[in-house]
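Tertiary structure, described
Residues per chain are reported as follows:
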Amino acid sequence: MPDYPSPLKIPRVDDARCQACRKCPARKACKTKAIVAIDPGEPPFIDGNLCYGCLVCIPACPHEAIVT
Ligand code: SF4
Ligand code: SF4
């Protein structure tokens, strides 16, 4: 069994709002590195296996691109 609380509120990146910032403050704010950017020109995504639902990333994104 996973040792994190359940149910989790795992947010997602809204690609339509995301500006694919070179330095994503939301990624920086995430303690578990659950926000993953593979291609610098593309929006990051949230790895549901690493995210523990703290939602700190939501106010950290200046474009309101992280939503629940
Ligand atoms: S999630 Fe927000 S801060 Fe991160 S790249 Fe997208 S718009 Fe920028
Ligand atoms: S909710 Fe918390 S753990 Fe999940 S991606 Fe956002 S900052 Fe990271």
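Along each chain, numbering runs from 1 in the same order as the chain's sequence is written. Chain letters start at A and ligand numbers start at 1, both assigned in the order the entries are written. pLDDT decides what is reported in this predicted model: residues at 70 or higher carry local features, side-chain atom pairs at 80 or more are listed and counted, and totals for whole chains, interfaces and linings draw on all residues regardless. Note: side-chain values were computed over all heavy atoms of the structure, leaving out hydrogens and water.

1. Concerning the pattern of salt bridges
In plain terms, the rule: By salt bridge we mean one thing: a side-chain nitrogen of Lys or Arg within 4 Å of a carboxyl oxygen of Asp or Glu. Burial status follows relative accessibility: with a 1.4 Å probe on protein chains alone, a residue under 20% of its type maximum counts as buried, one over 50% as exposed, and anything between as partly exposed.
Counted under the stated rule, the structure contains one salt bridge. Among the salt bridges present, the one from Asp-14 reaches Arg-17, with a minimum N-O distance of 3.7 Å. A relative accessible area of 40% means that Arg-17 is categorised as partly exposed.

2. Side note on the environment of Arg-17
What counts here: The helix and strand labels rest on DSSP assignments: H or I over at least four residues marks a helix, E over at least two residues marks a strand, and numbering proceeds from the N terminus. Contacts between residues were defined by any pair of non-hydrogen atoms, one from each residue, lying within 4.5 Å. Any N or O atom pair separated by 3.5 Å or less is treated as a polar contact, with the protein-specific requirement of one donor-capable and one acceptor-capable atom, and with residues adjacent in sequence counted only for side-chain atom pairs.
Structurally, the position occupied by Arg-17 is in the loop between strand 1 (12-13) and helix 1 (25-29). Along the backbone, Arg-17 and His-63 are 46 residues apart, and their C-alpha atoms lie at a distance of 6.6 Å. Residues in contact with Arg-17, not counting those within four places in the same chain, are His-63, Glu-64, Ala-65 and Val-67. Within the local environment of Arg-17, its side chain forms a polar contact with the backbone oxygen of Glu-64, the two atoms lying 2.9 Å apart.

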